[in-house]
Amino acid sequence: MSAAILEVRDLVKQYPATTAVAGVSFSVPEGTCFGLLGPNGAGKTTTIEIMEGILPPTSGQVLYRGEPQGPRFKEEAGILFQKTALQDFLTVRQSIALFRGLYAHGLTVDEVISLCALEKLADRDSRKLSGGQQQRLLLAIALVNDPAVLFLDEPTTGLDPQARRSFWELVQSIKARRKTIILTTHYMDEAELLCDEIAIMDRGRLIAMGPPRRLLHEHFAEVMLELPRQDFTPAARALNLTVIEAAERIEISTHDLEGTLRALMAAQVPLAHLRIRPPNLEDLFLELTGSELRP
Amino acid sequence: MIQRLLAILHARNLEFLRDRGTLLFTTLLPLLVVVGMGFVFGGPERPLFKVGVVTSRIDRNADAFLRERYVEFVPEQDETTGLAKLSHQQIDLLLSLSSPVRYWVNTDSPKGYVAERLLLAAHQDAQRQTVTGKAVRYVDWLFPGILGMNMMFSCLFGVGYVVVRYRKSGFLKRLHATPLTAFEFLSAQVLSRLLLILFVTFVLYAGISLIIGFHNAGNPLLLILIAVLAALSMVALGLTIAARFSSEELVGGLLNLLTWPMMLLSGIWFSLEGSPRWVQWIAHIFPLTHALDAARAVMLDGAGLTAIAPHLLYLAVTALAFLAFGAWSFRWRID
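Residues numbered from 1 in each chain as written. Chains lettered and ligands numbered in written order. Predicted model: local features only at pLDDT ≥ 70, side-chain atom pairs only at ≥ 80, totals over all residues.

*Asks:* I tried to follow the interface of chain B and chain A on my own but got confused; where do I start?
*Replies:* Counting from both sides, the interface comprises 19 residues of chain B and, opposite them, 21 residues of chain A. Within the residue set of the side of chain B that touches chain A, elements represented by two or more residues are α1 (2–18) and α6 (171–176) of chain B. With eight residues, the single largest contributor to the side of chain B that touches chain A is α1(B). For the side of chain B that touches chain A, the residue count by class is eight nonpolar, five polar and six charged. (Contact = placed C-beta atoms within 7 Å. Helix = DSSP H or I, 4+ residues; strand = E, 2+ residues; numbered from the N terminus. Nonpolar A, V, L, I, M, F, W, Y, C, P; charged D, E, K, R; others polar.)

Rendered as structure tokens:
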């Protein structure tokens, strides 16, 4: 594995009323896509904003290429915030040119425009873009300095499925250029598709970290069985099964498919709506963070 | 650094020029002021009735003449300043009571004639000297004040609200993630506003000059220098207010808190001469007071660079100090 480009050490962020980040440490190898996962309010955005150098930590530190973040980091980092307003009355091209003017080195405005497929929108007022187009423009702005490390904070939240897919394709093409990407998301399919390594956060702490496949393997047996909640009889509840309760359905994780099916039939569970599938990150997420409503 | 500053400057200028409503308002308002002034000051002027006394303090009991009713006595530090005012008919008579009693009268001034009769009633043996010179009309005196007031509002509110809007929308936070420094950002804002203000002030100057038939007695280049330094100082003052807050209401209130004392005490509408010393002392904290003193000295008396140098120095120093304070206390994001 290549050397860490970013290292987070014992990060704590304390606000008067809450502790947003309660001692988090991890490192991000160069050239990987690192996913920070967690429910809303887990501390993902606070962590990534401290890593971006725009929020000071209460204690702990972030090292970029082994040194505290300095002017070099700002020149080499590309950032896409969860919410960003651009300057009014500028076109897509002018918005990109504005940010390009703030860096010493980088791609040309035209290169960035073609990289993010913005050619047809280049002369449009940046306020008149759809959600997906807006995110592509913000990604283009994050890429103007040809960054070594790219931060994406919930980049596809609020986008329609098609816009999400096209955004993922863009991120994959950036990954292919061997850029390091730090991504926060609460979409598990997004993390599964894009991330080489993930860290799951909850209530300001890291609760699991590693490559997605390894984490799944560590936490789950081979297959998942899914049943509608109303079909899961009290008799079935009495069985000794590993159960995850989601809103409408019950999920059972097992390495003995036949044995489990026999036990369910014996408990008179109707199997007409049964689904069998391999476990995914969403199962892992629910297992680790729980599915109950948060205050 | 220059590259980053120019990038922000260019984008801000584009934004301003495309914001048609604001652009129209910024240029139309001063033009309305011009038209209004032409309307109000179209008629004949009435000069003020005043007697200047060469003394540091007026003691009404020191002389019978000083007890005259309906005459305003103002102290003059020395003969030179008194005579300058007399020649502009800002005072109608200049008096020196140290014996022998001497007085100067402007032979072009009808009021001076009346004041002279009153004086001779008390001091038949007073020595007479004369000066000549046309009256400075109130409108001529007010003219620099109107330019300065327009400049003050544009400086303080123009940049103040823009920066707060940028902060609220999160645009400043995004800029913070780039190598841009607070000083570079603020300098770009100052320069952008400076260009606009110089343009508007020039239009206003030309417009009012045409309407009221004003003649500038001094060097126009000095006026430009005063305008540049005054605008820099007041824009930077606006930025100190906008540096950290994210509520438009709060910033609006604070800016009002600054502009109202300046409106009243900087000598836009009336001269502070004769007002208590502490009022004058406070007035001279404001950059606008220095700008107007310097502009009037040039426009009405034809003063040169050395005469207004202290005012220019004050404006330059405050501009730098405000900008430095603004950059130091600057917040990129909502706390």
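Resuming the write-up.
*Asks:* So what exactly am I meant to see when it comes to the domain arrangement of chain B here?
*Replies:* In many reports, interface size means the accessible area that the parts give up when they come together. We note that the domain assignment places domain 1 (2–41 + 137–328) and domain 2 (50–131) within chain B. Using C-alpha coordinates to define each centre, domain 1 of chain B is positioned 38 Å away from domain 2 of chain B. (Domains from an automatic or database assignment.)

*Asks:* What is the right way to look at the nonpolar core in this model?
*Replies:* Judged by nonpolar contacts, the single largest core of 137 residues is most densely connected at A140(A), I182(A), I226(B), M234(B), L239(B) and V298(B). The contact partners of A140(A), leaving out residues within four places of it in the chain, are I96(A), V112(A), I113(A), C116(A) and L118(A). Within the second largest apolar cluster, 16 residues are counted, among which are V54(B), L94(B), Y103(B) and V105(B). (Core = buried A, V, L, I, M, F, W, Y, C linked by C-beta atoms within 7 Å. Buried ≥ 20, exposed ≤ 12 C-beta atoms within 10 Å, placed from the backbone.)

*Asks:* Honestly, the environment of Q135(A) in this entry has me stumped. Any pointers?
*Replies:* Residue and element names in this part refer to chain A. Along the polypeptide, Q135 turns up in helix α5 (residues 131–143). Through-space distance from the C-alpha of Q135 to that of T157 is 9.9 Å; in sequence the pair is 22 residues apart. In this structure, Q135 is in contact with P155, L159 and F167, ignoring residues within four places of it in sequence.

*Asks:* Teacher, can you tell me more about the sheet that holds strand β6 (residues 77–80) of chain A here?
*Replies:* The strands that make up a sheet are held in pairs by hydrogen bonds between backbone atoms, and each pair lies either parallel or antiparallel. Residue and element names in this part refer to chain A. Spatial strand order, β6-β7-β8-β3-β9-β10: six strands in an open sheet with mixed pairing. The two strands at the open ends of the sheet, each matched to only one other strand, are β6 and β10 (205–210). Neighbour-to-neighbour, the strand axes of this sheet turn through a mean angle of 15°, independent of strand direction. Where helix α1 (residues 44–51) meets the sheet, it contacts β3 (33–37), β7 (149–153), β8 (180–185) and β9 (197–202), and its direction lies at approximately 155° from that of β8. Where α5 meets the sheet, it contacts β6 and β7, and its direction lies at approximately 165° from that of β6. (Pairing = 2+ DSSP bridges. Axes fitted to C-alpha atoms, helices over the stretch in contact; angles between N-to-C directions.)

*Asks:* I would appreciate a short explanation of helix α5 (residues 138–169) of chain B in the present structure.
*Replies:* The periodicity of an α-helix, 3.6 residues per turn, causes residues three or four places apart in sequence to face the same way. Residue and element names in this part refer to chain B. Look at α5: 46 Å from first C-alpha to last across 32 residues, which is about the 46 Å you get at 1.5 Å a residue. Most of α5 is tucked away: 23 of the 32 residues are buried. With its phi angle positive at about 90°, G170 sits one or two positions after the end of α5. (Expected span 1.5 Å × (residues − 1).)

*Asks:* Quick question: what am I supposed to make of the packing of helix α8 (residues 220–242) of chain B against helix α11 (residues 287–301) of chain B here?
*Replies:* Relative orientation and spacing of two packed helices are given, respectively, by the angle between their axes and the distance between those axes. All names here are of chain B. Between α8 and α11, whose axes approach to 10 Å, the crossing angle comes to 170°. Considered as vectors, α8 and α11 are oriented roughly antiparallel to each other. Counted together, L222, L223, I226, A230, S233, M234 and L237 of α8 and P287, L288, A291, A294, A295, V298 and M299 of α11 form the full contact between these two elements. By residue class, the composition of the contact of α8 with α11 is 13 nonpolar, one polar and no charged. (Parallel < 35°, antiparallel > 145°, perpendicular 65-115°, else oblique.)

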